[in-house]
Amino acid sequence: GNWRTTNIENVVYGPHSVNNQLTKVLETLNVSKVFIITGNSLMNKTPVIKDIQGLLGSKCVGVNFSIAQHAPEDKINEALNQVIESKADALLSVGGGSPIDSTKIIIKKLLEKNPSAPKLKHITIPTTLSVAEATTGMGYTDSSGKKVSVGFTNRNLGPEAIIYDSSIISFFTRRY
C-alpha cells in the first residue's frame, strides 16, 4: 500500500482544543470569514455549534446545518449557494464524514466553476472516526438516492487543519 499526505498544515488535539486553539488556527491560515458546514443534530441537540459561533464572533459569516447522513447532493448544492453568497474565505466542517465530505465537494465545485479563484481554506472538527478529514476522497448521495464515491489525487481538496477535541466527541457517547 501507499498513502500520500494531503495538504494538512496543522493538527491540533486534546480536550478543549477548539476553545484553546481555533482562533490561533484561523490566524495561522490568515482566515477572516468562516462558513460552518454541519448537521442538524450538532446544531440543535448540542451546544457545540453555538459555542463555535461564539468563539468566531464576527468571523462567522454563515452556518448550514442541513447536511444529513450520506451527504445528499441537493443539500450540498444548497450549502454551496450559501457559501458563495457569504463570500467566506474558509469553511469549517464540524461532524462526521458527511459534513467533511460535503465541504470537500463544495470546494471542488467552486474550483470547477472558477479554476483561477483562490481555494477556500478548510478546517475540520471531526466528531467520529470516519477518517474523512485525512483524505481527499469523498462520497455523497445523488438525487436518485445512489451513493457515489469520488476519489481524487488532488491533494488540495483535503483540509488545511484538523482539530480533534475529545470534549466535543464526548457528546456522542450517548445517542441523540
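Before reading further, recall that the structure is shown in the block above.
Rules behind the numbers
- Residues numbered from 1 in each chain as written.
- Predicted model: local features only at pLDDT ≥ 70, side-chain atom pairs only at ≥ 80, totals over all residues.
- Heavy atoms only, no water.
- Helix = DSSP H or I, 4+ residues; strand = E, 2+ residues; numbered from the N terminus.
- Rg over C-alpha atoms; globule rule 2.2 N^0.38 Å.
- Contact = heavy atoms within 4.5 Å.
- Areas by Shrake-Rupley, 256 points an atom, 1.4 Å probe, with all protein chains shown as cover.
- Lys, Arg positive; Asp, Glu negative; His and termini not counted.
- Charge placed at Lys NZ, Arg CZ, Asp CG, Glu CD.
- Pairing = 2+ DSSP bridges.
- Axes fitted to C-alpha atoms, helices over the stretch in contact; angles between N-to-C directions.
- 1 Å grid on protein atoms, 1.4 Å probe; cavity = no way out; pocket = protein on both sides within 12 Å on 5 of 7 lines; lining within 4 Å.
- Points joined across faces, edges and corners; volume = space filled by probe spheres on them.
- Buried < 20%, exposed > 50% of the residue type's maximum accessible area, 1.4 Å probe, protein only.
- Arc of directions from axis to C-beta.
- Core = buried A, V, L, I, M, F, W, Y, C linked by side-chain atoms within 4.5 Å.
- Expected span 1.5 Å × (residues − 1).

Colleague: Could you clarify how one ought to interpret the overall build of the chain in this entry?
Modeller: Along its length, the chain carries six helices and eight strands. Ordering the α and β elements of the chain from the N terminus gives β-α-β-α-α-β-α-β-α-β-β-β-β-α. Here the C-alpha radius of gyration of the chain, 15 Å, is about what a compact globule of 176 residues would show, namely 16 Å. Summarising its shape, the C-alpha atoms of the chain cover approximately 40 × 35 × 35 Å along the three principal directions. Across the chain, contacts joining residues at least 24 apart in sequence account for 78% of those joining residues at least 6 apart. Accessible area of the chain: about 8,900 Å², with a carbon and sulfur share of 51%. Distance between charge centres in the chain, computed from 19 positive and 14 negative side chains, equals 2 Å.

Colleague: Explanation requested: the sheet that holds strand β8 (residues 161–164) in the structure shown.
Modeller: The pairing of strands in a sheet happens through backbone hydrogen bonds and is either parallel or antiparallel. With respect to topology, six strands assemble into an open sheet ordered β1-β8-β5-β4-β2-β3, the strand pairing being parallel. Taken across any chain shown, the strands that pair with only one partner, and hence form the sheet edges, are β1 (10–13) and β3 (60–64). Averaged over all adjacent pairs, the angle separating strand axes in this sheet is 15°, with direction ignored. Packed on one face of the sheet, helix α1 (residues 17–28) meets β1, β2 (34–37), β5 (121–126) and β8 and runs near 170° to β8.

Colleague: Looking at this model, I keep getting lost on the layout of surface pockets. Mind explaining?
Modeller: Leftover empty space is mapped by rolling, across the atoms, a probe with the size of a water molecule. Its volume calculated, the second largest pocket comes out at about 230 Å³. Around the second largest pocket sit 13 residues that line it, and A88, L110, A117, P118 and L120 are the ones nearest its centre. Elements with a minimum of two residues in the lining of the second largest pocket: α4 (73–86) and α5 (97–113). Considering each element in turn, the lining of the second largest pocket owes the most residues, four residues, to α5.

Colleague: Hey, could you run me through helix α3 (residues 48–56) in this one?
Modeller: Because each turn of an α-helix spans 3.6 residues, side chains separated by three or four positions end up pointing in the same direction. Listed in full, the buried residues belonging to α3 are V48, I49, I52 and L56. The arc enclosing the buried residues of α3, seen along the axis, measures out at 90°, which places them on a common side.

Colleague: Help me understand the nonpolar core in this model?
Modeller: In summary, soluble globular proteins display a tendency toward joint burial of nonpolar side chains. In terms of nonpolar packing, the biggest core is built from 24 residues, with I52, L56, L92, V94 and I123 touching the most fellow members. Those elements giving two or more residues to this core turn out to be α1, β2, α2 (40–44), α3, β4 (90–95), β5 and β8. In this structure I123 touches V25, L26, L29, A90, L91, L92, S93, A161 and I163, once residues within four positions along its chain are discounted. In terms of nonpolar packing, the next biggest core, distinct from the first, is built from 19 residues, V83, I107, L120 and M138 among them.

Colleague: Explain α1 here, please?
Modeller: Compared with the 16 Å implied by 1.5 Å per residue over twelve residues, the 15 Å span of α1 between its first and last C-alpha is a close match. Within α1, the full set of buried residues consists of S17, V18, L22, V25 and L26. Buried positions in α1, seen along its axis, are confined to an arc of 115° and lie on one side of it. Among the exposed residues of α1, those oriented more than 90 degrees off its buried face are E27 and T28. Of the surrounding secondary structure, the elements contacted by the buried residues of α1 are β1, β2, α3, β5, β8 and α6 (166–169). A positive phi of about 60° marks N30, the residue just after α1.

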